[in-house]
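Each chain, letter by letter, is given below.
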Amino acid sequence: MSGTQLTVTLSGGGADDARTVVRALEGTFGAPDERPADGNATVHTATFAGETDTGAAEGGEDAGRLSAPVTVTVQGSPEAVRRASETLTRVFSARDEGAASGDQEQERQLHLVP
């Protein structure tokens, strides 16, 4: 898939938990434009942009463990959101909190628990 963009918004937990979730997605989407860094923030954001390979290894299993529950919202193309949701539900204990679809973008919210 070419030109995929995925925005990930994380709340709950801390910066380390946000980085753990982002690491889990790197096996599917490559490195994000920027990793969550601010330890004092209550909401963290990461954006994955550019080329992705649908045949790429899904990875993520050794991303680490969460220390607290995290709510993750993924937004992007339907394919990117599907792949992100599949990766996160495979790597973490997750509960689907719902989805919203637009003309060309989709949004899904997941609740991840340690």
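What you are looking at is a predicted structure, and each value in this text was computed from that prediction instead of being measured. (Residues numbered from 1 in each chain as written. Predicted model: local features only at pLDDT ≥ 70, side-chain atom pairs only at ≥ 80, totals over all residues. Heavy atoms only, no water.)

Asks: Honestly, the pattern of salt bridges in this entry has me stumped. Any pointers?
Replies: Counting across every chain of the model gives 6 salt bridges. Across the pair Arg 19 and Asp 16 runs a salt bridge, and its minimum N-O distance is 2.4 Å. Here Arg 19 pairs with Asp 16, and both are found in helix H1 (residues 15-29), just 3 residues apart, close to one helical turn. With a shortest N-O distance of 2.6 Å, Glu 26 and Arg 35 are connected by a salt bridge. The exposure class assigned to Glu 26 is partly exposed, which follows from its relative accessible area of 22%. Each of Glu 79, Arg 82 and Glu 86 takes part in salt bridges that share partners, so that together they form one network. (Salt bridge = Lys/Arg side-chain N within 4 Å of Asp/Glu carboxyl O. Helix = DSSP H or I, 4+ residues; strand = E, 2+ residues; numbered from the N terminus. Buried < 20%, exposed > 50% of the residue type's maximum accessible area, 1.4 Å probe, protein only.)

Asks: Hey, could you run me through the pairing of strand E5 (residues 106-113) in this one?
Replies: Across a regular strand the side chains alternate sides, sitting on one face of the sheet and then on the other. Two strands pair when backbone bridges link them, and strand E3 (residues 70-76) and E5 are joined in this way by 7 bridges, in the antiparallel orientation. Its bridge partner lying in E5, Val 74 is registered against Arg 108. Here strand E4 (residues 93-101) runs beside E5; their pairing, made up of 8 bridges, is antiparallel. Across the sheet, Ala 94 pairs through a bridge with Leu 112, a residue of E5. Here E4 folds back onto E5 in antiparallel fashion, the turn holding 4 residues. (Pairing = 2+ DSSP bridges.)

Asks: Quick question: what am I supposed to make of the side chain of Arg 83 here?
Replies: When you line up the elements, Arg 83 lands in helix H2 (residues 78-91). The class for Arg 83 is buried, based on a relative accessible area of 3%. A distance of 3.2 Å separates the side chain of Arg 83 from the backbone oxygen of Thr 28, its partner in a polar contact. (Polar contact = N/O pair within 3.5 Å; in protein donor to acceptor, adjacent residues only side chain to side chain.)

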